[in-house]
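# Structural characterization, general
These are the residues of each chain, in order.
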Amino acid sequence: MLSTVNQTINLSAGSVIDDKVVLLMSANIRTGESRAISKVYKDMEAYKANKSQVDEDFAEFEQKVFDASGQA
């Protein structure tokens, strides 16, 4: 007998400033569970110099995660 079937959606993106990845973002959405979103700072100096743009990119990514999970 087949029991529970789960589906997982994986999303990833990068915040790029001057052709350089400053922040890597990833998310996992699994049916019936919480959304997991993570970020990895690849260049902290570039992040500090471009904080508002990188943070805006992360907010946009986060919204896409919520949209993909049907919780916009």
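For the structure, see preceding data.
Anyway, here's the lowdown on the structure attached to this text.

Thresholds, definitions, all that
- Residues numbered from 1 in each chain as written.
- Predicted model: local features only at pLDDT ≥ 70, side-chain atom pairs only at ≥ 80, totals over all residues.
- Heavy atoms only, no water.
- Pairing = 2+ DSSP bridges.
- Helix = DSSP H or I, 4+ residues; strand = E, 2+ residues; numbered from the N terminus.
- Expected span 1.5 Å × (residues − 1).
- Buried < 20%, exposed > 50% of the residue type's maximum accessible area, 1.4 Å probe, protein only.
- Arc of directions from axis to C-beta.
- Contact = heavy atoms within 4.5 Å.
- Salt bridge = Lys/Arg side-chain N within 4 Å of Asp/Glu carboxyl O.

## So, the pairing of strand β2 (residues 20–30)
- Bridging between strand β1 (residues 8–17) and β2 involves ten bridges; their strand directions are antiparallel. By the bridge assignment for β2, Leu-11 is matched with Ala-27.
- Between β1 and β2, which pair antiparallel and follow one another directly, the connecting turn spans two residues, one of which, Asp-18, has a positive phi of 50°.
- Relative to strand β3 (residues 35–41), β2 runs antiparallel, the two sharing seven bridges. Its bridge partner being in β3, Leu-24 is matched across the sheet by Val-40.
- Counting the residues in the hairpin turn of β2 and β3 gives four residues, including Gly-32, whose phi is positive at 75°.

## What about helix α2 (residues 51–68)?
- For α2, spanning 18 residues, the distance from its first C-alpha to its last is 26 Å, which sits close to the expected 26 Å at 1.5 Å a residue.
- Considered for burial, the residues of α2 that qualify are Val-54, Asp-57, Phe-58, Phe-61 and Val-65. Buried residues in α2, looked at end-on, bunch into an arc of 100°, giving them a common side. For α2, the exposed residues set more than 90 degrees away from the buried face come down to Ser-52 and Glu-56.
- For α2, the elements touching its buried residues are β1, β2, β3 and α1 (44–49).
- Just downstream of α2 lies Gly-70, where phi reads positive at about 75°.

## Observations regarding the environment of Ile-9
- Tracing the sequence through the fold places Ile-9 in strand β1.
- Note: C-alpha distance between Ile-9 and Thr-31 (22 residues apart in sequence) is 8.7 Å.

## Quick notes on the pattern of salt bridges
- Enumeration according to the criterion identifies two salt bridges in this entry.
- In this structure, the salt-bridge partner of Lys-20 is Asp-43, at a minimum N-O distance of 2.8 Å. Separated by 23 residues along the polypeptide, Lys-20 in strand β2 and Asp-43 in the loop between β3 and α1 bring together distant segments of the chain.
- For Lys-20, a relative accessible area of 45% corresponds to the partly exposed category.
- Residue classification places Asp-43 among the buried residues on the basis of a relative accessible area of 15%.
- Salt-bridge contacts for Asp-55 lead to Lys-51; the nearest nitrogen and oxygen are separated by 2.7 Å. In this pair, Asp-55 and Lys-51 both sit in helix α2, four residues apart, roughly one turn of the helix.

Geometric descriptors of this kind do not, in isolation, establish any biological role.
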